[in-house]
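# Descriptive structure summary
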Amino acid sequence: LYQSALCRAKADWLVGINATRLFSVLYHKTLTVGRVQTPTLKMLVDRDAKILRFQKEKYYTVGIHSGSLKAGSGRISDAETANFLKEKCTGAIAVCTSVKREKKTEQPPKLYDLTTLQREANRLFGFTAKQALDYAQQLYEKKLLTYPRTDSQYLTEDMGQTAQHLVSDLLGLLPFAQGLALTPDVDRVLNSKKVSDHHAIIPTAEFAKQGFTGLAESECKLMNLVCSKLLCAVAAPHEYETVTAVFSCAGNEFAAKGKTVLVPGWKEIDQRFRATLKADTEEEVLNALPELAEGQNFSVTTDISEHFTSPPKTYTEDTLLSAMERAGAEDMPENAERKGLGTPATRAAILEKLVQMGFVQRKGKQLVPTKDGINLAVVLPESLTSPVLTAEWENRLTEIAKGNADADEFMAEIEAQVRQLVKTYSCISADKQNLFQSERVIIGKCPRCSENVYEGKKNFYCGNRSCQFVMWKNDRFFEQRKKAFTPKIAAALLKNGKAKVKGLYSEKTGKTYDATVLLADTGGKYVNYRVERKE
């Protein structure tokens, strides 16, 4: 076990440090490469490319109606065929040709491991994976939540009594569980074989005593999530009946689907909990069909609705965490202990690092690769961007832990791979070297040498290295007048030698005024500005 962990740390470091330095030197920009973060970035880039390439297509469906009954045709690709079908069925009689009823059972959900907790906290509250882990860690340190960095969704078999007491305490403590008739089946969440290092995340007996007092809003939200999951997990299954009815009208088939709940079971708790949230939760729409029998006739009205095919969805932290968990799973043996990219404890930090390095940006709940992120995923070799490398490593490391493989042999192979990587990518063409250079924004022409003036982070500077011309954004002239020195003002000063500026603050009067600011460049180290005096 020690050898296996040591190999993991050494191999991660060797590949990471060498690949990062290699590609950073080649492209003149810090490009971090990692065994887990790089395939994760590639997943985001691939999804982005699919969305960009997606061509939406229009299609139509024809609906027939009789009272509360609605049935629809399949997809029809052109309007002409849809209109023809609509006209054929208008005023016609529809006959029910088959009614199929099926009883179905939806088992209660499992308890939370860290990844499922992070996913639901992102979906319901918009928490990032790191925030969810941080809040869970704070609650753990306050002894209100069990250890959060776990990949198990079960409790050990000796915890039955504890869970039983906990559930009855929670029923009295949680506002949404008041008056709930629950006969808990705790055995369903007990399975010692499926608990490796730590059991699933549940509230502690301390929380049952103390409740929500003194907790921050974000901690309360997470705590509620964990409590409701425990109640759902020990509740009865959700039972319902689906009805699929097929109708024939003017020689064409139309179908209607309905659903009736027989036993609400765990879903009642889930819906009660979701009703207390201010989050966007999707309400399940039940469509109950009227009593139907084969051979029944209906006179119908018709309509046409227009639809478009939809592109793949952009990843959110919820869907990306799920994809990381499953990545490369098909290349791993069934009994592999660790599957997917990263571990529950590291995935949040990986996502944060991609954002921090500027390869990924957050847009609301969505995670979108930046231009640099897309370029990085494109220039790296497949051996670094594919989850297969991780899959192979995990298999070998598991074998080393069991004593079935040699640690030195594994490390020798890793070193050979790294040497080969550096040898293969020792140089790149000159045009590729500028791939990651940020595009400089031209503001205007330099009044001293007529070269382009660019916007930097802190200033507007002349592109000619030997020319000293620079206008600082934090210049005292603008700071005293409480005015941001914007690119628009800079562009006007360079073009006309003056700029009309609104809302300048006067220290004398304490009021703001509008004036024309003049560029007074004396050719020295600093550029001066002054307010134009009105004659």
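Presented here is an overview of the structure given in this document. The shown structure was predicted, so the numbers you read here are calculated from the model rather than taken from an experiment.

## A short note on the nonpolar core
Core analysis: the largest hydrophobic core is formed by 50 residues, its most contacted members being Leu155, Leu222, Leu225 and Leu231. When residues of this core are traced back to their parent elements, those giving at least two are helix H4 (114-125), helix H5 (129-141), helix H6 (160-173), helix H7 (205-210), helix H8 (217-233) and helix H9 (266-275). Looking at this core element by element, the count peaks at ten residues for H8. When near neighbours in sequence (up to four residues on either side) are disregarded, leucine 225 contacts Tyr112, Leu117, Glu120, Ala121, Leu124, Phe125 and Phe273. Core analysis: the next-biggest nonpolar cluster, separate from the first, contains 48 residues, Val36, Leu320, Val379 and Leu389 among them.

## Observations concerning the pattern of salt bridges
Counting across every chain of the model gives 25 salt bridges. Between glutamate 241 and arginine 101 there is a salt bridge, with the nearest N and O atoms lying 3.7 Å from each other. In this pair, glutamate 241 is assigned in strand S4 (residues 238-249) and arginine 101 in strand S3 (residues 93-106), connecting sequence segments 140 residues apart. Since its relative accessible area comes to 17%, glutamate 241 is described here as buried. The salt bridge partner of lysine 221 is glutamate 217, with a shortest N-O separation of 3.8 Å.

## Details of the sheet that holds strand S12 (residues 459-462)
Across the sheet, four strands lie side by side as S10-S11-S12-S13; this open sheet has antiparallel pairing. The open sheet has two edge strands with one neighbour each: strand S10 (442-445) and strand S13 (470-472). Across the sheet, the axes of successive neighbouring strands diverge by a mean angle of 20 degrees, strand direction being ignored. Here three bridges tie S10 to strand S11 (residues 452-455), and the two strands are oriented antiparallel to one another. Paired with lysine 445 across the strands is asparagine 452, a residue of S11. In this fold helix H18 (residues 487-496) packs onto S10, S11, S12 and S13, with an angle of close to 15 degrees to the strand it touches most, S10.

## Points about the sheet that holds strand S14 (residues 498-505)
Spatially, the three strands line up as an open sheet ordered S14-S15-S16, and their pairing is antiparallel. What marks the edges here is a single partner per strand, and that holds for S14 and strand S16 (528-531). Shown here is a sheet whose adjacent strand axes are inclined to one another by a mean of 40 degrees, direction ignored. Note: S14 against strand S15 (residues 512-520), six bridges, orientation antiparallel. Considered in S15, the bridge of tyrosine 505 is made with threonine 512. Against the sheet, H18 touches S14, S15 and S16, its axis set at about 145 degrees to S14.

## Considering the packing of aromatic side chains
By the definition in use, this model includes 16 aromatic pairs. With a centroid separation of 5.4 Å and 80 degrees between ring planes, the pair formed by tyrosine 27 and phenylalanine 436 is classed as edge-to-face. With tyrosine 27 in helix H1 (residues 2-27) and phenylalanine 436 in the loop between helix H16 (430-433) and S10, this residue pair connects regions lying 409 residues apart in the sequence. Phenylalanine 436 sits in the buried class, given a relative accessible area of 4%. Plain terms: the ring middles of phenylalanine 485 and tyrosine 529 are 5.7 Å apart, the flat faces sit at 80 degrees to each other, and that makes the pair edge-to-face. Linking phenylalanine 485 in the loop between helix H17 (476-480) and H18 with tyrosine 529 in strand S16, this pair joins segments that are 44 residues apart in sequence. Here phenylalanine 485 falls in the buried class, since its relative accessible area comes to 5%. The exposure class assigned to tyrosine 529 is buried, which follows from its relative accessible area of 9%. Clustering of aromatic rings is evident, with ring pairs tying together Phe460, Phe477, Phe478, Phe485 and Tyr529. Lying over the aromatic face of tyrosine 59, arginine 75 brings its terminal NZ or CZ to 4.1 Å of the ring centre. Looking at lysine 473, its charged tip hangs above the ring of phenylalanine 460, at a distance of 5.3 Å from the centre.

## Thoughts on the pairing of S15
With antiparallel pairing between neighbouring strands as the criterion, S14 and S15 make up a hairpin whose turn holds six residues, including glycine 510 at a positive phi of roughly 75 degrees. Pairing of S15 with S16 involves four bridges; the strand directions are antiparallel. Of the residues in S16, the one forming a bridge with valine 517 is valine 531.

## Focus on H1
Between its terminal C-alpha atoms H1 stretches 37 Å, which fits the 38 Å expected from 26 residues at 1.5 Å a residue. The first or second residue beyond H1 is histidine 28, which carries a positive phi of 55 degrees.

## Concerning the environment of alanine 520
Along the chain, the position of alanine 520 falls in strand S15. Residues alanine 520 and valine 531, eleven residues apart in the sequence, show an inter-C-alpha distance of 10.0 Å.

## Considering the packing of H4 against H8
H8 packs onto H4 with a crossing angle of 120 degrees between their chain directions and a minimal axis gap of 11 Å. The angle between H4 and H8 places the two elements in the oblique class. In this structure, the crossing between H4 and H8 has a hand that is right-handed. Together, Leu117, Glu120, Ala121, Leu124 and Phe125 of H4 and Lys221, Leu222, Leu225, Val226 and Lys229 of H8 make up the contact between the two elements. Among the residues making up the contact of H4 with H8, the classes are represented as seven nonpolar, no polar and three charged.

## Notes on the packing of helix H14 (residues 388-402) against helix H15 (residues 407-424)
Running from N to C, H14 and H15 cross one another at 160 degrees; their axes reach a closest spacing of 10 Å. The angle between H14 and H15 falls in the class roughly antiparallel. Considering the relative orientation of H14 and H15, their crossing is left-handed. Side by side, H14 and H15 meet where Leu389, Trp393, Arg396, Leu397 and Ile400 of the first sit next to Ala407, Glu409, Phe410, Glu413, Ile414 and Gln417 of the second.

So, how was this worked out
Residues numbered from 1 in each chain as written. Predicted model: local features only at pLDDT ≥ 70, side-chain atom pairs only at ≥ 80, totals over all residues. Heavy atoms only, no water. Core = buried A, V, L, I, M, F, W, Y, C linked by side-chain atoms within 4.5 Å. Buried < 20%, exposed > 50% of the residue type's maximum accessible area, 1.4 Å probe, protein only. Helix = DSSP H or I, 4+ residues; strand = E, 2+ residues; numbered from the N terminus. Contact = heavy atoms within 4.5 Å. Salt bridge = Lys/Arg side-chain N within 4 Å of Asp/Glu carboxyl O. Pairing = 2+ DSSP bridges. Axes fitted to C-alpha atoms, helices over the stretch in contact; angles between N-to-C directions. Phe/Tyr/Trp six-rings, centres within 6.5 Å; stacked < 30°, edge-to-face > 60°. Lys NZ or Arg CZ within 6 Å of the ring centre and 35° of its normal. Expected span 1.5 Å × (residues − 1). Parallel < 35°, antiparallel > 145°, perpendicular 65-115°, else oblique. Left-handed = near helix turned anticlockwise from the far one by under 90°. Nonpolar A, V, L, I, M, F, W, Y, C, P; charged D, E, K, R; others polar.

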